[in-house]
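Coordinate analysis (summary)
If you want the building blocks of each chain, they are given just below.
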Amino acid sequence: MTTVFAMPVFDATVVFEGNELFKGKGSASMWAEKLAAELGGEVGVEKIGTGWVLTGRVDGDDCQWGIHGQRLKRVLSAPAQ
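Anyway, here's the lowdown on the structure attached to this text.

**A look at the overall build of the chain**
Each helix and strand in the chain was counted, giving one helix and six strands. Ordered by position from N to C terminus, the α and β elements of the chain give β-β-α-β-β-β-β. In terms of overall dimensions, the chain has C-alpha extents of about 35 × 30 × 20 Å along its principal axes. Counting the 81 residues in the chain, one finds 32% classified as buried. Contacts in the chain between residues far apart in sequence, at least 24 positions, make up 41% of those at least 6 positions apart.

Definitions and cut-offs
Residues numbered from 1 in each chain as written. Predicted model: local features only at pLDDT ≥ 70, side-chain atom pairs only at ≥ 80, totals over all residues. Heavy atoms only, no water. Helix = DSSP H or I, 4+ residues; strand = E, 2+ residues; numbered from the N terminus. Buried < 20%, exposed > 50% of the residue type's maximum accessible area, 1.4 Å probe, protein only. Contact = heavy atoms within 4.5 Å.

What follows is the structure, encoded as structure tokens:
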């Protein structure tokens, strides 16, 4: 099985604070479902500036994913609370 992180992301994007993000909530939601299935946990979407990121928890850390080079990439990480 191919990892979702190796699949190309051909959706429209925007750049906000140096991070490439999903332009639309619908596209982000579709990728959130794919990522949730791979990680085996909940993944949501959140508006950040002019774009959308995927949000979830990995190994107890809050994570956010955007896009880099047509692939999903972890763009921000908030400290665990």
